[in-house]
Amino acid sequence: KSDHLILDNTSFPADFLWGTATAAYQVEGAYKEDGRGLSIWDTFSHIKGNIKNNDTGDVANDFYHRYKSDIQLMKDLNTKIFRFSISWSRIFPDATGKPNQKGIDFYNKLVDELLANGIQPFATLYHWDLPQYLQDKYKGWESKETSKAFGDYAAYVARNLGDRVKNFFTINEFRTFIELGYGAGVFAPGLKLPEEKLGQVRHNGVLAHGLAVQAIRANSGADVKVGLADNLSIAVPVIENEKNIKAAKIAMREINASYLTVILEGKYTENYLKSFGKNPPKFTEEELKIISSPLDFVGLNVYNPTHLIEAADNKLGYEVIPFAKSFPTTTSKWEYIAPEALYWATKHVKDIWNVKEMYITENGSSSTDERTADNKIYDTDRISFLRNYLTQLQRATSEGVPVKGYFYWSLMDNFEWTSGYSITFGLYNVDFKTQKRFPKLSAEYYKEVATNNKVM
Ligand code: GBH
């Protein structure tokens, strides 16, 4: 146990892994190439008014053609892991259910190139780009047919990549694509379903995750590990005293009831089910077993706390404190700058669910990122963001919280969903007219961190 405990306040465990992350629709482009079928994000971004400046992912970073030189950027950063996602509709483009060989070939080439450069591939199966035909045929995640289709797709990927990809994440951020895509209507597919239907969509989502975990295990070797990438809701004790910490732990289970809690516990909390009144989601005990299939690790996307918590003498045992109007954010107005979120997210997950292995699957800052006349980007706010967040991550690992690695979001600026190309998270700036990449000052910073394995 003591080998993992590092006693200074900058160093990470010796085997800690540093990397970067991207997602298929945000970087690949080539949206009609080599037999790729359309996804709900193609449809959604092609409707005028949905995306800032009517940007689309048609070309994006052209990663489909430029992955080799982009892998050199990862190498320049001295990173050893890379998280990318697979475009489901490249592989299963249409309702025939026949796989598209050219689709899987792209990922074969990508994985081989990563390995040849000493970078371990971590593949996410679903980063929100549902094949359009599944939306049309089954109303997408409103149906368990989509959950089953996801299991079949996972099996196919595991059979084809599992000899070289040893780490899989099933689904990225249930909360975002479900609440915003099927609830608020601002993400693809742009639906505004009532709460009782949303409850079913959430259930079908976690069921898909569980089916994929089982499919990956059944279709690859024992050395293949599987988890998910969840943007859990994060309860931060507003003042770090004992009673607030206890209250924040209680809050964590409730505020994550529909996703992480049911996945790790195999049941919905009573409060969550009660909240539906007469129309709870339809599910079986058998499904709860599938949903809670054992995982090898849990990936956490951490940007900001969602709940500031104080202990209270009420039924719940806690109270949610509002964010001050002046609470600092990055250029993304939702992104409160509160580095302790990284500490509390990982600490709670260990303490509540006894999770033995975690990754930070995303963390990063959006900045103004102006390019000078000589193409320098002095993103000093991002460096400060990283130093402060990584200090809190180091605090966690030094206390024995089992975080094995960290993926910065993102390797390079890319299609930031409804914000199009107007919001930038990259360590590399991208000129989307020429597709040239320029390292920001934060790339230099991150390279130092990755090379020295400590907060700099
Ligand atoms: C992650 O989401 C995503 O996994 C990744 O693809 C993305 O690029 C990255 O973060 C940076 O945003 O449109 O105003 O209604 C982080 C959680 C949830 C934050 C949705 C932005 C949009 C709010 N995201 N939210 S809004």
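Cut-off values and rules
- In this numbering scheme, every chain counts its residues from 1 along its sequence in written order.
- With the structure being a predicted model, the display of local features is reserved for residues of pLDDT at least 70 and the display and counting of side-chain atom pairs for 80 or more, all residues being used for whole-chain, interface and lining totals.
- Hydrogens and water are ignored here; the side-chain numbers use all heavy atoms of the structure.
- Here, the term nonpolar core denotes a set of buried Ala, Val, Leu, Ile, Met, Phe, Trp, Tyr and Cys residues that are joined through side-chain atoms within 4.5 Å.
- Only protein chains enter the area calculation, which uses a 1.4 Å probe; residues under 20% of their type maximum are buried, those over 50% are exposed, and those in between are partly exposed.
- Proximity is defined per residue: if any heavy atom of the residue lies within 4 Å of a molecule or strand, that residue is considered near it.
- Within 3.5 Å is the distance limit for a polar contact, defined as a pair of N or O atoms, with the added protein rule that one can donate a hydrogen and the other accept it, and that residues adjacent in sequence qualify only through two side-chain atoms.
- Method for areas: the Shrake-Rupley scheme with a 1.4 Å probe, in which residue coverage is limited to the protein chains shown.
- Basically, the charged four are Asp, Glu, Lys and Arg, the nonpolar ten are Ala, Val, Leu, Ile, Met, Phe, Trp, Tyr, Cys and Pro, and anything else, Gly included, counts as polar.
- Only DSSP runs of H or I covering at least 4 residues are called helices, and only runs of E covering at least 2 are called strands; the numbering of each starts at the N terminus.
- Pairing between strands is defined by DSSP: at least two bridges between them are needed.
- Lines fitted to C-alpha atoms define the axes here, with helix axes fitted over just the stretch in contact, and angles between the N-to-C directions of these axes take values from 0 to 180 degrees.
- Any two residues whose heavy atoms approach within 4.5 Å at even a single point are treated as in contact.
- pLDDT: the predictor's confidence for each residue, scored from 0 to 100.
- UniProt positions are given in the numbering used here, feature names are shortened, and annotations may be inferred rather than shown by experiment.
- An expected span of 1.5 Å times one less than the residue number is assigned to each helix.

Trainee: Explain the nonpolar core to me, using residue names and the numbers behind them.
Mentor: A general feature of soluble globular proteins is that nonpolar side chains tend to end up buried together. Within the largest apolar cluster, 132 residues are counted, with the highest numbers of intra-cluster contacts made by Trp41 and Trp141. Core analysis: the second largest hydrophobic core is formed by 13 residues, Ile81, Phe169, Tyr359 and Ile423 among them.

Trainee: Give me the site of the ligand: which residues, what numbers.
Mentor: Neighbouring the ligand are 17 residues; Gln26, His127, Glu362, Glu416 and Trp417 lie closest to it. In the model, an oxygen atom of the ligand is placed 3.2 Å from a nitrogen or oxygen of the tyrosine 303 side chain. Considered on its own, the ligand offers 580 Å² of accessible surface; in the complex 78% of this is hidden by protein. The residue makeup of the shell around the ligand, split by class, is 8 nonpolar, 6 polar and 3 charged.

Trainee: Can you break down unusual backbone geometry residue by residue, with the values?
Mentor: That bond from alanine 188 to proline 189 is cis: its omega, 5 degrees, falls within 30 degrees of zero. Within the fold, proline 189 resides in the loop between helix 8 (174-183) and helix 9 (195-218). Each neighbour pair has its own omega, and for tryptophan 409 with serine 410 the value is 5 degrees, a cis peptide bond. A positive phi angle is found at asparagine 375, which is not glycine, with a value near 60 degrees. Along the polypeptide, asparagine 375 turns up in the loop between strand 10 (358-362) and helix 15 (380-398). Residue classification places asparagine 375 among the partly exposed positions, given a relative accessible area of 33%.

Trainee: Could you give an account of the sheet that holds strand 8 (residues 307-311), naming the residues involved and the relevant values?
Mentor: The 3 strands are arranged 6-8-9 in an open sheet whose pairing can be described as mixed. Single-partner strands in this sheet number two, and they are strand 6 (235-237) and strand 9 (318-321). Neighbour-to-neighbour, the strand axes of this sheet turn through a mean angle of 45 degrees, independent of strand direction. Where strand 6 lies against strand 8, 3 bridges are found, and the strand directions are parallel. Within the sheet, the bridge partner assigned to alanine 235 lies in strand 8 and is histidine 307. Strand contacts of helix 10 (residues 242-255): strand 6, strand 8 and strand 9, with the helix running at about 130 degrees to strand 8, the strand carrying the most contacts.

Trainee: Talk me through the confidence of the model for the chain; I want residue IDs and the actual numbers.
Mentor: Residues at a pLDDT of 70 or more form 98% of the chain, whose mean pLDDT is 97. Taken over the whole predicted complex, pTM reads 0.98, whereas the ipTM for its chain interfaces reads 0.96.

Trainee: Break down the UniProt feature "binding site: substrate" (unreviewed entry) in the chain for me, with residues and values.
Mentor: As recorded in UniProt, the feature "binding site: substrate" (unreviewed entry) lies at Gln26, His127, Asn172, Tyr303, Trp409, Glu416 and Trp417. Counting through the fold element by element, tyrosine 303 comes out in the loop between strand 7 (298-301) and strand 8. What makes tyrosine 303 buried here is its relative accessible area of 9%. Beyond its immediate sequence surroundings of up to four residues, tyrosine 303 is in contact with Glu173, Trp334, Glu335, Tyr336, Glu362, Asn363, Gly364, Tyr389, Trp409 and Phe425. Setting aside its immediate chain neighbours within four residues, glutamate 416 contacts Gln26, Trp409, Ile423 and Phe425.

Trainee: With reference to specific residues and values, describe helix 3 (residues 63-76).
Mentor: Each turn of an α-helix holds 3.6 residues, which means side chains three or four residues apart point in the same direction. Compared with an ideal rise of 1.5 Å per residue, which puts 14 residues at 20 Å, helix 3 spans 17 Å between its outermost C-alpha atoms and falls more than 12% short. Asparagine 78 sits one or two positions beyond helix 3 and adopts a positive phi of about 65 degrees.

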